[in-house]
Amino acid sequence: MNVELTEEQRLLQSTSRQFLDETLSLDALRHRSANDAALTRDFWIRAAALGWTSMFVPDDLDDPLSDSPVRDLAIVAEEAGRSLESGSLLECNVVAYALVNGGSREVKTQLLPGLSNGSITASWAFAEGVDGWSKSDVRSSATVDGDEYVLNGQKSTVVAATSADYFLVTAFVGDDLAQFLVPRDAQGVTITRLDALDLSRDFGDVSFHDVRVAKSFRVGAPGESADNAVERQWLLAITLQCAQMGGMLDRVFNLTVDYAQDRYAFGRPIASYQALKHRFADHKVWLEAALGLSTGLTEAFANGDPGVTELACVVKAHVGDRSVEIISDCAQIFGGISMTWEHDLHLYLRRATVDRVLYGSPTQLRERLCELVGL
Amino acid sequence: MTSVNVEEADVEDLESFNARARAWAVENLPVAVDNVQARADAEDHVKQVAKARRTQRLIFDGGFAGLRYPKEYGGQGLTREHQLAWREVTSDRDIGCLSHLKVTHGIMGPTLLDFGTEEQKQRHIPAMLRGDELWVQFLSEPNAGSDLASLLTRAQREGDVYILNGSKIWSTFAHVSDYALVLSRTNLDVPKHSGLSMLILPIRSKGVTLRTIQLATGSAEFCEEFFDDVFIPVSDIVGQENDGWSVVMRLFFHERNMVGGNSLNDQDAAGVGESAVSTEEQLLALARSVGNSKDSHTRQLIGEALVLDRLADYTIQRVNALMKSGAMPGPGASIVKLMRSLSKYRFKEIALEVGGAHVVLSGPDDEVGGHGHRWLVARIGTIAGGSSEMQRNAISERVLGLPRDHSPDTQLPFRDVLAQRQR
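Residues numbered from 1 in each chain as written. Chains lettered and ligands numbered in written order. Predicted model: local features only at pLDDT ≥ 70, side-chain atom pairs only at ≥ 80, totals over all residues.

Draft legend 1. Structural view of the overall build of chain B. Summing up its helical and strand segments, chain B has 14 helices and 8 strands in all. On C-alpha atoms alone, chain B measures out to a radius of gyration of 22 Å, which is about the 22 Å that the 2.2 N^0.38 rule sets for 423 residues. Seen along its three principal axes, the alpha-carbon backbone of chain B occupies a region of about 70 × 60 × 45 Å. Scored against the burial criterion, the 423 residues of chain B give a buried share of 44%. (Helix = DSSP H or I, 4+ residues; strand = E, 2+ residues; numbered from the N terminus. Rg over C-alpha atoms; globule rule 2.2 N^0.38 Å. Buried ≥ 20, exposed ≤ 12 C-beta atoms within 10 Å, placed from the backbone.)

Draft legend 2. Seen up close, the domain arrangement of chain A. All names here are of chain A. When its domains are assigned, chain A resolves into domain 1 (7-121), domain 2 (123-219) and domain 3 (227-372). Of note, the centres of domain 2 and domain 3, computed from C-alpha atoms alone, are 29 Å apart. Of the residues belonging to the side of domain 2 that touches domain 3, the class tally is 6 nonpolar, 4 polar and 3 charged. (Domains from an automatic or database assignment. Nonpolar A, V, L, I, M, F, W, Y, C, P; charged D, E, K, R; others polar.)

Draft legend 3. Representation of helix 4 (residues 69-82) of chain A. Residues and elements named next belong to chain A. With 14 residues, helix 4 extends 20 Å between its outermost C-alpha atoms, agreeing within 8% with the 20 Å of an ideal straight helix rising 1.5 Å per residue. Burial within helix 4 is extensive, with 14 of its 14 residues counted as buried. Following helix 4 by one or two positions, Leu84 adopts a phi angle in the positive range, close to 50°. (Expected span 1.5 Å × (residues − 1).)

Draft legend 4. Spatial organisation of unusual backbone geometry. All names here are of chain A. Despite not being glycine, Asp210 shows a phi value in the positive range, around 45°. Note that Asp210 resides in strand 7 (residues 203-214). We note that Tyr359 has phi near 70°; this positive angle belongs to a residue other than glycine. Mapped onto the elements, Tyr359 comes out in the loop between helix 10 (345-357) and helix 11 (362-372). When the 25 C-beta atoms within 10 Å are taken as the criterion, Tyr359 is described as buried.

Draft legend 5. Representation of the interface of chain A and chain B. The interface is formed by 33 residues belonging to chain A together with 31 residues belonging to chain B. Looking at the side of chain A that touches chain B, the elements with two or more residues in it are helix 7 (227-262), helix 8 (274-303), helix 9 (308-334) and helix 11 of chain A. Looking at the side of chain A that touches chain B, the element that brings in the most residues is helix 8 of chain A, giving 15 residues. Tallied by class, residues from the side of chain A that touches chain B come to 17 nonpolar, 9 polar and 7 charged. (Contact = placed C-beta atoms within 7 Å.)

Draft legend 6. How the structure looks around the domain arrangement of chain B. Residue and element names in this part refer to chain B. Looking at the assigned domains, one finds that chain B contains domain 1 (137-254) and domain 2 (279-399). The distance between the C-alpha centroids of domain 1 and domain 2 comes to 31 Å. Contacts between domain 1 and domain 2 engage 5 residues on the former and 6 residues on the latter. Counted by class, the side of domain 1 that touches domain 2 contains 3 nonpolar, 2 polar and no charged residues.

Draft legend 7. Expanded view of the pairing of strand 3 (residues 148-159) of chain A. All names here are of chain A. Bridge count for strand 2 (residues 141-145) against strand 3 is 5 bridges, and the pairing is antiparallel. From the neighbouring strand, Ala142 faces strand 3, where its bridge partner is Leu151. Hairpin remark: strand 2 followed by strand 3, antiparallel, with 2 residues in the connecting loop; positive phi at Gly146, about 65°. Sheet analysis places strand 3 next to strand 7, joined by 9 bridges and oriented antiparallel. Within the sheet, the bridge partner assigned to Leu151 lies in strand 7 and is Val211. (Pairing = 2+ DSSP bridges.)

Draft legend 8. Examining the confidence of the model for chain B more closely. Residue and element names in this part refer to chain B. When the pLDDT values of chain B are averaged, the result is 90; 93% of them are 70 or greater. Scored below 50 in pLDDT, residues 35-39 makes 9 contacts in the model with residues more than four places away or belonging to other chains. Contacts of residues 270-276 to residues separated by more than four positions or lying in other chains number 12 contacts, the stretch itself having pLDDT below 50. In the model output, the complex is listed with pTM 0.90 alongside ipTM 0.95. (pLDDT = per-residue confidence, 0-100.)

In structure tokens:
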């Protein structure tokens, strides 16, 4: 496992951090206004210029931009997590990954350049029902009608539902799992915005009622199940999500350690009290475990290791629960100030709480782990 | 400090080493059989150690002992990569008994390489690698555990000898070992860390009384020792007189490395008598045998245990890499120690809950009873080798840089510290 970054990766890390520090302010999350869609779009075009959405995308049918796209993206994702990036780094890349691997020539030509330069954004409409993050939860379906498919179904918990230009929709065609690209403004698409605890992203339920999709907008060959493609997309989503959460957790932990050193009570820094020191030590253990796991998962996904699904369950179960637990305890250490609107801590706690369940909760993944080991 | 740097040109390439090691192992070492060892008594330890010595001698004669030890002391002068290859080659061989040598080869040998005189190294290191000498550490005392530097055992110098008086406790497998490094006080008139010395003690010396301690499970692997006017030649001091604290700090460094699987010990530090079947398999088998493997609460608990079991390697790799590059200070090893002991404790706690009545009220031939016994002494992992509280102190103070706790006794002559206690 390569824990140390290469020279190039270090550069990617520092330019990403610098860009995020200069362009994103957490304060903006607190004061969202009517024009924030435009601001988000502007941010996203600048982020795309750094290569954030083109890691998987071949340059004029040559090699992809990055020769280790997953590792590079995980580095960007960690930085994005630290800054509560409000675009949809994860979702745009999952869709780009799906298109590069299964899209028709037509759909690639039409969408990949836009996804790469940030002028088009996309998200993955996968989950169904309450917390249905498994392929077996998919009920949406499409039937062939002439040159088109007709898509019907109800998707839940779609990230960037009110802003993404396209949805990658996972649905059945007969017995085969399939995927379709659907423009957000297509006839028959209805979006219901969700009241999200997370202020950094928007979420919605999306319903598809007799939505007509051109055959070329099916991602993956007709008559072929998208089972493996969907599994790989899910693994990529978990990989990037855990990298983001690791970055977030690391940031909050370090902010809290710094605060405890500066804050005095009874004549000494509160960081000198053993009750707090021991809690910091415990948190440090599980934080390092989270970051180690995240690196391990990134490599396992990149190498196509056979055990990667089990590992993804392990990593998300750990990172999901520990993030909320540790950030919540950091709020306790900050004290009253952390409960105020003006303090940043609740912004992290909000996002961690949503990320914990997004793409599969620790509870679901522990269950899946039991199934995978044959229990 | 340990001289393990090897010129690459002199070193056998990995491929040829691998082939040679595999051929030798297949011919000379029997295939591992899974034997779940329940409560081992002292007699079993004698048999285990005898087997360990025989196996080690075989490996030594085969030219595979002390892979990372220098050649001039009987080692092979090879690298970490050769060590990992050897572990892989021998992973299906019956060598569980060799964990009796992990302290000797992983901690004591390396400490002696760092601080021993040339004469001490020539006399003892090859003997350790042959399996002729088993070494243990005599550090803790009944009244000095976490606060080791406040120990009371005295080594009074009289001409050419030290005269040792006092007692030690929690020495593991001392009853089947040959030598100890004993930390003792040689000067009462300086602060507690500054008056200690490390001495080589043949365990069966005149004046040493040794007793095994029966643990709560009935097993006896820990010992206590009493010293009444034991004579130790001054030439058997390791390091400088009154600088024993430096030696013991280095000893702890090697111990942490061993726990992290990165010591000079040829084998990884697996527990003695632990089954070759992974603890994960045991837990799954337990759930199936008590019939609650479909219960969702049980499955959540087992999922939690699997997560804890599997995160260990990734954490260790990360922390070791950060320490190696200097991005994290050496006490980062305490992160590994705390992670492992908390995880293992919780794992056994989960087994207790999954097993319910079956593991605490088992029939005579009921194998699941082992889970109850393992739980009963699961705390050993969070106490031995530096309690979890000490690891938390190290992580918070020496990794995170938080303020140290105030200690009223570090600057006072130790004689005054004792006088204050008696008041």
